[in-house]
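Each chain is listed here by its residues.
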Amino acid sequence: MLARRFVAWIASVWASGLMVIACAHQPPPPLHSSRLLVERSNGAVRAFVRAKVAGEPMTLLLDTGAARSILPLGFARAHNLARQSRDSDQSFVDANGWVRKMQLATGVPVQFEGEAGAGTLDFLINPAEANTEAILAPQDVLRPGWALVIDLGREEIRYEPEEVALKRLGGQASPPIREVDFHRCLHEGLFERSLHRFVTATINGVSASMLVDTGASRTVLTRNNPALRSMFAVKGSRSTTQAVTSTGPILIVDDVPIMFSQTSFVLPVMVHPTTPMCGHGALGADLLRQCTLVWGWSSLWSACRAPAETDHSSQTDGAPKTESALSRDIPPRP
């Protein structure tokens, strides 16, 4: 596999308006357990699932913040999955606020590594040719009564009945497994299953609504995050972030205290100048690697381990160290 240039990632995408969900007419690909390919650089973390898609080996970013699984345009063209764009194609907003239409490729064959059989998944096609990475959204493989157990720290995922997963994890000495209350984004519709899961976390002592997002390489605070008012005297280093269809500016701020699932963390965070449709930012893979997540059909559980050692490095590879105050680059909302 070719080496990837490691940049800060926020891979979540949002439907512009109510999202139309395609019905799965064929069974999803079987998945029991699989090793994750986890990349780490200066505290940022990205986790990938290995699979054959349309018969070709590839890695897919495991992204709990994505509305749907995504394939890059070049791959879709090479496998005759892309077609001419239509006015009826769904519009999506990426983490940098860019709105793009995405085609839907249905019934794409997928075989996860280590599995004897294959199935099919539906994928959005990323129209940005520069982005060559694929994304796997956990809800695309879930079925009622089952759960995807995500453990970035131990570099593995398991797909098993939720009751079995909770019993197995509950039998371990520590850390304890806890149910996590989450809420949905109202624009997704009152009667649809939640595509994005928002939890309450404490940022610098201030409560905030945060997306659970393994696709974000670092934890992100957006400009509407109520914790930023307590941080305007703090200086951050300027950098850039890669969203699904665009790049954009960010600040990286060191040593921000965060509390999630009764566990304390101190991490560098990305401060993003946009205001999302929902929530105040995202808990990224840098924090979630300390947690085992049980991602159920309509439930969420976590067992978080207190970090033994905090990575205080705040720079992405190749990013120049240019300090700037939050009060200048991320002004408060009126």
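Residues numbered from 1 in each chain as written. Predicted model: local features only at pLDDT ≥ 70, side-chain atom pairs only at ≥ 80, totals over all residues. Heavy atoms only, no water.

A.B. asks: I would appreciate a short explanation of the overall build of the chain in the present structure.
C.D. replies: Each helix and strand counted, the chain has four helices and 23 strands in total. The 334 residues of the chain split such that 56% are buried. When contacts within the chain are restricted to residue pairs at least 6 apart in sequence, long-range pairs at least 24 apart make up 69% of them. If you sum the accessible surface of the chain, you get close to 14,200 Å²; carbon and sulfur atoms cover 53% of it. (Helix = DSSP H or I, 4+ residues; strand = E, 2+ residues; numbered from the N terminus. Buried < 20%, exposed > 50% of the residue type's maximum accessible area, 1.4 Å probe, protein only. Contact = heavy atoms within 4.5 Å. Areas by Shrake-Rupley, 256 points an atom, 1.4 Å probe, with all protein chains shown as cover.)

A.B. asks: Sorry, what's going on with the state of the cysteines here?
C.D. replies: As used here, a disulfide is simply a covalent bond connecting the sulfur atoms of two cysteines. According to the stated counting rule, one finds two disulfides in the structure shown. Two residues, Cys-185 and Cys-278, share a disulfide whose sulfurs are 1.6 Å apart. Residues Cys-185 and Cys-278 are joined through a disulfide that is right-handed, its torsion about the S-S bond being 50°. Of the two residues, Cys-185 sits in the loop between strand 13 (178-179) and strand 14 (198-203) while Cys-278 sits in the loop between strand 19 (263-272) and strand 20 (281-283), which places them 93 residues apart along the sequence. By relative accessible area, which is 14% here, Cys-278 ends up buried. A sulfur-sulfur separation of 2.1 Å characterises the disulfide bridge that pairs Cys-291 with Cys-304. (Disulfide = S-S within 2.5 Å.)

A.B. asks: I tried to follow the nonpolar core on my own but got confused; where do I start?
C.D. replies: The nonpolar side chains of soluble globular proteins are, as a tendency, buried together. With 61 residues, the main nonpolar core has Val-53, Leu-148, Ile-203, Ile-258 and Phe-260 as its most contacted residues. Dropping the residues within four chain positions of it, Val-53 is found in contact with Met-58, Leu-60, Leu-71, Phe-75, Val-108, Pro-109, Val-110 and Phe-123. Judged by nonpolar contacts, the second largest core, of 10 residues, contains Phe-198, Leu-211, Ile-250 and Ile-252. (Core = buried A, V, L, I, M, F, W, Y, C linked by side-chain atoms within 4.5 Å.)

A.B. asks: Is there a simple way to explain the side chain of Asn-224 in this structure?
C.D. replies: Along the polypeptide, Asn-224 turns up in the loop between strand 16 (220-222) and strand 17 (235-242). On the basis of relative accessibility, which here comes to 17%, the residue Asn-224 falls in the buried class. A polar atom in the side chain of Asn-224 sits 2.6 Å from the side chain of Thr-222. Among the polar contacts made by the side chain of Asn-224, one reaches the main-chain carbonyl oxygen of Gly-279 at a distance of 2.9 Å. (Polar contact = N/O pair within 3.5 Å; in protein donor to acceptor, adjacent residues only side chain to side chain.)

A.B. asks: Just checking my understanding: could you explain unusual backbone geometry for this structure?
C.D. replies: Note on backbone geometry: most residues besides glycine have negative phi, and most peptide bonds are trans. The residue Ala-54 is not glycine, and still its phi comes out positive at about 55°. Since its relative accessible area comes to 27%, Ala-54 is described here as partly exposed. Even without being glycine, Asn-204 reaches a positive phi, approximately 55°.

A.B. asks: Explanation requested: helix 2 (residues 162-170) in the structure shown.
C.D. replies: Of all the positions in helix 2, only Glu-162, Ala-165, Leu-166 and Leu-169 are classed as buried. Down the axis of helix 2, the buried set is contained in an arc of 95°. They therefore lie on one face. Opposite the packed face of helix 2, turned more than 90 degrees from it, sit the exposed residues Glu-163 and Lys-167. (Arc of directions from axis to C-beta.)

A.B. asks: Would you explain the pairing of strand 22 (residues 300-304) in this entry?
C.D. replies: Across the five residues of strand 22, five count as buried, placing the element largely inside the fold. What you see with strand 22 is no split at all: Leu-300, Ser-302 and Cys-304 on one side and Trp-301 and Ala-303 on the other are buried throughout. Two strands pair when backbone bridges link them, and strand 13 and strand 22 are joined in this way by two bridges, in the antiparallel orientation. Directly across from Arg-178, in strand 22, lies its bridge partner Ser-302. Connecting strand 21 (residues 291-296) to the next strand, strand 22, in antiparallel fashion are three residues. (Pairing = 2+ DSSP bridges.)

A.B. asks: I tried to follow the environment of Ala-243 on my own but got confused; where do I start?
C.D. replies: In this fold, Ala-243 is placed in the loop between strand 17 and strand 18 (247-260). With 145 residues separating them in the primary sequence, Ala-243 and Trp-98 have C-alpha atoms 9.1 Å apart.

A.B. asks: Is there a simple way to think about the environment of Pro-28 in this case?
C.D. replies: Within the secondary structure, Pro-28 sits in the loop between strand 2 (13-15) and strand 3 (33-41). Residue classification places Pro-28 among the partly exposed positions, given a relative accessible area of 22%. For the pair Pro-28 and Gly-119, spaced 91 residues apart in the sequence, the C-alpha separation amounts to 4.8 Å.

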